[in-house]
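Residue strings, one per chain:
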Amino acid sequence: METIISYIDENNIDIEELKKHAKLLKEGKTVIFPTETVYGLGANALDEKAVSKIYEAKGRPSDNPLIVHINNITKVYDLAENISDKAKLVMEKFWPGPLTVILKKKSIVPNKTTGGLESVAIRVPSNKIALKLLELCDTPISAPSANISGRPSPTKGSHVIEEMNKRVNGIVVGGKSDFGLESTVIDFTGKVPIILRPGVISKEDLEKVIGKIEIDKSLLIKKDTVKPKSPGMKYTHYSPSADVFIVSGNNIFENVNNLIKENQKRNLKSGVICKSENKNLYTGEVIELGDTPLDIGSNLFDALIEMDKRNVDIIYAEEFGYEGVYQAIMNRLLKASGYKVLKF
Ligand code: TXA
Ligand code: MG
């Protein structure tokens, strides 16, 4: 498959170039585009055939529903019904931005888009290229993260070109994603709103606007008895080829450096993902993520992908904490590691 690749500057958008991709989308084809969270692999959300191409390109199980992207809050009423006041408050407060709401779907939304569910996931992204593309193609766009199913989500143009070139009809490269973590997903179809996927907009941020909400208990612990509510949460995710371990407890530096020495004896290359302040304390391939939760979040997937490029066999990732944005970061790391935590 031929892929049209365009490089677009978010602050000086070349409309004519972007129109090529809007045209592809209108024709029922697939286009990867940047968002403020991660790159998305888009197709017309109202066209079942187009949506099938997304699942094909990603190698994604088709019972895993997609997020529908729109460029204006008013369009939510075309796609969903029974929208609660709390859902409206949240959309008004956080859109455009890294938040997805789950609402009861209208029949116009095909079952392919929602994985057969009666609900639909919707968001208005804030990335200017994404918004312009949505405006130009004038249709809602389904877009999961633009990675092969199970791999870390792409946060840079180079990630999508390396992984998805020739698998999609268009790629719009638009710089590094601001947040680097997928949107917070909150379900408004039940009695109490519930977070199905943590993101940069935290439980605390949401509770300030609509009061008490719940969080899916399976997000931070792996217990076979806790059934994940969001279909996407049951699959392996965010995994680089290397084996990932989260490290926590006492004397982490000494313990990790000892493990690295042991690995070396077995000819295994080790990598460490850590806060910048700790970067000089480890041996092995060290990738620093920054010191603030927003920096750490925005660099996480890139670090996992980079470790593969450096042929690292085993990655040790620091346990950063579980408050606010760290909840989203640790959710992704726990999944990437298959929930393997080394407690020293
Ligand atoms: O930030 C993002 O949300 C990115 C960018 C591209 O917008 N998209 C993204 O899509 O992360 P995806 O497909 O990788 O993740 C969508 C998540 C999955 O966990 C899926 O199961 C869940 O949202 N989801 C979608 N529709 C749902 C629904 N109707 N009910 C429950 N969960 C749903
Ligand atoms: Mg994904």
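Below: a short report on this structure.

Calculation notes
- Residues numbered from 1 in each chain as written.
- Chains lettered and ligands numbered in written order.
- Predicted model: local features only at pLDDT ≥ 70, side-chain atom pairs only at ≥ 80, totals over all residues.
- Heavy atoms only, no water.
- Helix = DSSP H or I, 4+ residues; strand = E, 2+ residues; numbered from the N terminus.
- Rg over C-alpha atoms; globule rule 2.2 N^0.38 Å.
- Buried < 20%, exposed > 50% of the residue type's maximum accessible area, 1.4 Å probe, protein only.
- Areas by Shrake-Rupley, 256 points an atom, 1.4 Å probe, with all protein chains shown as cover.
- Lys, Arg positive; Asp, Glu negative; His and termini not counted.
- Charge placed at Lys NZ, Arg CZ, Asp CG, Glu CD.
- Pairing = 2+ DSSP bridges.
- Axes fitted to C-alpha atoms, helices over the stretch in contact; angles between N-to-C directions.
- Contact = heavy atoms within 4.5 Å.
- Expected span 1.5 Å × (residues − 1).
- Arc of directions from axis to C-beta.
- Salt bridge = Lys/Arg side-chain N within 4 Å of Asp/Glu carboxyl O.

### Some points on the overall build of the protein chain
Part 1 of the reasoning: Along its length, the protein chain carries eleven helices and 17 strands.
Part 2 of the reasoning: Relative to its length of 344 residues, the protein chain is compact, with a C-alpha radius of gyration of 20 Å against a globular reference of 20 Å.
Part 3 of the reasoning: Each principal axis of the C-alpha distribution contributes one length, and for the protein chain these read about 60 × 45 × 35 Å.
Part 4 of the reasoning: The buried share of the protein chain, reckoned over its 344 residues, is 55%.
Part 5 of the reasoning: A total of about 14,800 Å² of accessible surface is found on the protein chain, and carbon and sulfur atoms cover 48% of it.
Part 6 of the reasoning: Here the protein chain contributes 48 positive and 45 negative side-chain charges, whose respective centroids are spaced 4 Å apart.

### Quick look at the pairing of strand S16 (residues 314-318)
Part 1 of the reasoning: In terms of burial, S16 is a largely internal element, five of the five residues being buried.
Part 2 of the reasoning: Sheet analysis places strand S13 (residues 243-248) next to S16, joined by five bridges and oriented parallel. Bridging from a neighbouring strand, Ile246 pairs with Ala317 of S16.
Part 3 of the reasoning: As defined by bridge partners, strand S14 (residues 270-274) adjoins S16 across four bridges and the pair is classed as parallel. Paired with Val272 across the bridge in S16 is Tyr316.

### Quick look at the environment of Leu219
Part 1 of the reasoning: One can find Leu219 in the loop between strand S12 (214-215) and S13.
Part 2 of the reasoning: For the pair formed by Leu219 and His21, sequence separation is 198 residues and the distance between their alpha carbons is 36 Å.

### A closer look at the sheet that holds S13
Pairing between sheet strands relies on hydrogen bonds along the backbone, with the strands arranged either parallel or antiparallel.
Part 1 of the reasoning: Strand order across the open sheet formed by five strands is S15-S14-S16-S13-S17, with parallel pairing between neighbours. Sheet topology places strand S15 (285-288) and strand S17 (341-343) at the edges, where each strand pairs with a single neighbour. Averaged over all pairs of adjacent strands, the angle between strand axes in this sheet comes to 25°, irrespective of strand direction.
Part 2 of the reasoning: As paired elements, S14 and S15 share four bridges and run parallel to each other. Bridging from a neighbouring strand, Ile273 pairs with Ile287 of S15.
Part 3 of the reasoning: Packing of helix H10 (residues 293-309) onto the sheet brings it into contact with S14, S15 and S16, and relative to S14 it is tilted by some 165°.

### Examining helix H9 (residues 252-265)
Part 1 of the reasoning: Given a rise of 1.5 Å per residue, 14 residues ought to cover 20 Å, and the 20 Å separating the end C-alpha atoms of H9 matches this to within 8%.
Part 2 of the reasoning: Taken together, the buried positions of H9 are Ile252, Val256, Asn257, Ile260 and Asn263. Looking down the long axis of H9, one finds its buried residues gathered within 120° of arc, a one-sided arrangement. Opposite the packed face of H9, turned more than 90 degrees from it, sit the exposed residues Glu254, Lys261 and Lys265.
Part 3 of the reasoning: Among the structural elements, S13, S14 and S16 are those in contact with the buried residues of H9.
Part 4 of the reasoning: Positive backbone phi, approximately 65°, marks Asn267, located one or two places after H9.

### Quick notes on the pattern of salt bridges
Part 1 of the reasoning: In total, this model carries 20 salt bridges according to the counting rule given.
Part 2 of the reasoning: Measuring nitrogen to oxygen at the nearest pair gives 3.6 Å for the salt bridge that ties Lys212 to Glu207.
Part 3 of the reasoning: For Glu207, a relative accessible area of 22% corresponds to the partly exposed category.
Part 4 of the reasoning: The shortest N-O distance in the salt bridge between Arg310 and Glu285 comes to 2.8 Å. Here the residue Arg310 occupies a position in the loop between H10 and S16, and Glu285 occupies one in strand S15, the gap between them amounting to 25 residues.
Part 5 of the reasoning: What makes Glu285 partly exposed here is its relative accessible area of 23%.
Part 6 of the reasoning: A single salt-bridge network, built from bridges that share partners, covers Lys269, Glu285, Glu306 and Arg310.

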